[in-house]
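Summary of the model geometry
For reference, the chains in residue letters:
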Amino acid sequence: MEKNNRLKNYAKVSFDACSMNEGFARMVVMGFMMDMNPTMDELQDVKTAVSEAVTNAIIHGYGVSDCGEANGQEAAQVEMTCLRDGQKLTVIVEDKGVGIVNVEEARQPFFTTKPDMERSGMGFAFMETFMDEVEVYSSVGEGTRVTMTKYIAIEEFEEESEQ
Amino acid sequence: MEKKYEKKYEVRGHVLTYQMPKEVDHHVAQQLCRELDMLVEAFAVQELELDFEKTEFMDSSGIGVVIGRSKTMQFRGGKFSASHLSRRVSMIFQSAGLQKIVEVKEA
């Protein structure tokens, strides 16, 4: 196997911190990874993890609970970067919001700072379940960056296995 | 109101069956909670069933919806169930231990 013919690709989108863009982010990442021949499960895994990360950026990073609040606030932007290196997919979700005081604590299942919002506190736990690697960098007052990696399996005998 | 999600529900006596949307994320969860609470109140519902037949995507926001409604129904002394879980939704339910608080009806 030649190492140097690994396919590389890069895409970056920036959107308003507004709950309707959660669906948009999922569609973008789905489109991006289509060429990597993911299985339905891999596709759903990445979509779920991205949904969690983007939702966190919106409601925790920027504290936006209603779509209208984001209107006109040009600072409230969520940035999503998709990187492909062969069958390795990396998705980076970044916000310039309030940041996380204690990342270790935030990553605990069922931990939530907004119990009144009927959130489950499973956001980070889901990202960890559905992705292979999750890294969180956060700085109070500056923002949070979540880097998630997943290795998409290669279909061994592509030509024969289909039908 | 968005047309993307066609919402349907059925009330029979004090039993409310609610068709969950195609995608259950934070965006729809907010409206969903409000709507479900309003319906439960309006029809004096004693038995709530969430039907996931059309649900293709659900993230942790859906867990919040289920936990919240479970509390509501518990408070009212009623029954609470979920039906037609896809393999994916079922996996999400199990990862949060939801089967302990909601009766999952097998298809």
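Residues numbered from 1 in each chain as written. Chains lettered and ligands numbered in written order. Predicted model: local features only at pLDDT ≥ 70, side-chain atom pairs only at ≥ 80, totals over all residues. Heavy atoms only, no water.

Let us look at the interface of chain A and chain B. On the side of chain B, 23 residues touch chain A, which itself brings 25 residues to the contact. Summing both sides of the interface, chain A and chain B together bury roughly 1,900 Å²; the carbon and sulfur share of this comes to 46%. Among the residues chain A hides against chain B, the three largest losses belong to A:R26, A:E118 and A:F126. Together they make up 26% of the total. Remark: the boundary between chain A and chain B carries five salt bridges. In this structure, B:R87 engages A:D41 in a salt bridge whose closest nitrogen and oxygen atoms are separated by 2.9 Å. (Contact = heavy atoms within 4.5 Å. Buried area = accessible area lost by both parts, 1.4 Å probe. Salt bridge = Lys/Arg side-chain N within 4 Å of Asp/Glu carboxyl O.)

This brings us to the pairing of strand 3 (residues 88–95) of chain A. Residue and element names in this part refer to chain A. Most of strand 3 sits out of view: six of its eight residues are buried. One ladder, built from eight bridges, connects strand 2 (residues 77–85) with strand 3; its direction is antiparallel. By the bridge assignment for strand 3, E79 is matched with E94. Connecting strand 2 to the next strand, strand 3, in antiparallel fashion are two residues, including G86 with a positive phi near 65°. In this sheet, strand 5 (residues 143–151) lies alongside strand 3 in antiparallel orientation, the contact comprising eight bridges. (Buried < 20%, exposed > 50% of the residue type's maximum accessible area, 1.4 Å probe, protein only. Helix = DSSP H or I, 4+ residues; strand = E, 2+ residues; numbered from the N terminus. Pairing = 2+ DSSP bridges.)

So, on to the sheet that holds strand 3 of chain A. Residue and element names in this part refer to chain A. Taken in spatial order, the five strands make up an open sheet running 1-2-3-5-4, and their pairing is antiparallel. Only two strands of the sheet have a single neighbouring strand rather than two, namely strand 1 (8–16) and strand 4 (133–139). Averaged over neighbouring strand pairs, the angle between their axes works out to 10° when direction is ignored. The sheet contact formed by strand 1 and strand 2 spans nine bridges and is antiparallel. Its bridge partner being in strand 2, Y10 is matched across the sheet by L83. Running at roughly 170° to strand 1, helix 1 (residues 21–33) makes contact with strand 1, strand 2 and strand 3 of the sheet. Together, strand 4 and strand 5 form the strand contacts of helix 5 (residues 123–130), whose direction differs from that of strand 5 by roughly 25°. (Axes fitted to C-alpha atoms, helices over the stretch in contact; angles between N-to-C directions.)

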